[in-house]
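Report on the structure
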Amino acid sequence: VYTSAQQAQSNGLWFITPMYYEWPELEGAYQTAAPHPNESAEFESQYLFGNDMWVAPVVKPANDTDGLARINVWVPPGRWVGLSGGRVIDGAKNGSSSLSLTVDLNEIPVFVRAGVIIPSIPVRSGATIGLAMKQYEELIWTVYLADKAPLVGTGFVYEDDATSTSYLDGASSITYAQYTMARGSTQGATASEETSTAIR
């Protein structure tokens, strides 16, 4: 999130955006932005989180019978991997794909573009208060793989001291990670990581 916020500060585009920002030519993308999706839209509210994730928050009541909510989401073009459970779904290029989900009100459906690497910090039970302001000692690089995903993927994380304006003088860095799949192999990936010290 901090990396995305830095990019937003640099390019002026916030990292939570409507689906039609990326797919302005597809009608389904506009239907996900309806202020009251239960009234007229075919799809539920959805939004992009960064460049490689989309989110479909549950904003409707649960069914009285089983306590679950039924939502219909628009699937944008491309191959996507569910953040929870790893479900792989494909969106048609013409924007005609949709998906019906039955979810608990505690769930937030999130899908990640197949082939990307998302950095995160480990979250340990009982150690979450003030976690965003603590200096982390390790990163987790999660690669979202699926059949027919790109054979090469990259991810990066931006870092500065998070308290001063020293980044304006170049006191910041970007760490990159990349994976390469051997063509025809499903056994795994080789990965490399390097740090760059300048973003300006």
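Now for a quick tour of the structure. (Residues numbered from 1 in each chain as written. Predicted model: local features only at pLDDT ≥ 70, side-chain atom pairs only at ≥ 80, totals over all residues. Heavy atoms only, no water.)

**Examining unusual backbone geometry**
Where the residue is not glycine, phi is negative for most of them; where a peptide bond is considered, it is trans in most cases. Located in the positive-phi region is Lys 148, a residue other than glycine, with phi close to 65 degrees. Checked against the element boundaries, Lys 148 lands in the loop between strand S10 (140–143) and strand S11 (152–159). (Helix = DSSP H or I, 4+ residues; strand = E, 2+ residues; numbered from the N terminus.)

**What about the packing of aromatic side chains?**
Throughout the structure, instances matching the rule amount to 10 aromatic pairs. Ring geometry for Trp 23 against Trp 74: centres 5.9 Å apart, planes inclined by 75 degrees, an arrangement best described as edge-to-face. In this pair, Trp 23 sits in the loop between strand S1 (16–17) and helix H2 (27–31) while Trp 74 sits in strand S4 (residues 68–74), placing the two residues 51 residues apart along the sequence. With respect to burial, Trp 23 and Trp 74 carry one shared label: buried. Among the aromatic residues, those joined into a cluster by ring pairs are Trp 23, Trp 54, Trp 74, Trp 80 and Phe 111. (Phe/Tyr/Trp six-rings, centres within 6.5 Å; stacked < 30°, edge-to-face > 60°. Buried < 20%, exposed > 50% of the residue type's maximum accessible area, 1.4 Å probe, protein only.)

**Digging into helix H1 (residues 2–11)**
Within the span of H1, buried status applies to Thr 3, Ser 4, Gln 6 and Ala 8. Contacts from the buried residues of H1 go to S11. A positive backbone phi angle near 80 degrees is found at Gly 12, which sits one or two residues after H1. (Contact = heavy atoms within 4.5 Å.)

**Focus on the environment of Leu 101**
Summarising the element assignment, Leu 101 is placed in strand S7 (residues 98–104). With a relative accessible area of 10%, Leu 101 lands in the buried category. Put simply, Leu 101 and Asn 72 are 29 residues apart on the chain and 6.3 Å apart in space, counted from C-alpha to C-alpha. With near-sequence residues (within four places) excluded, Leu 101 lies in contact with Ala 69, Arg 70, Ile 71, Val 73, Arg 87, Pro 109 and Phe 111.

**Here's the deal with the nonpolar core**
Among the nonpolar cores identified, the biggest contains 20 residues, and Trp 23 and Trp 54 are the most heavily contacted of them. Of all the secondary structure elements, the ones that give two or more residues to this core are S4 and S7. Broken down by element, the residue count for this core peaks at 4 residues, all from S4. Excluding residues that lie within four positions of it along the chain, Trp 23 makes contacts with Ala 29, Tyr 30, Leu 48, Trp 74, Pro 76, Pro 77 and Trp 80. Formed by 10 residues, the second largest nonpolar core is a distinct cluster that contains Met 53, Ala 114, Val 116 and Tyr 144. (Core = buried A, V, L, I, M, F, W, Y, C linked by side-chain atoms within 4.5 Å.)

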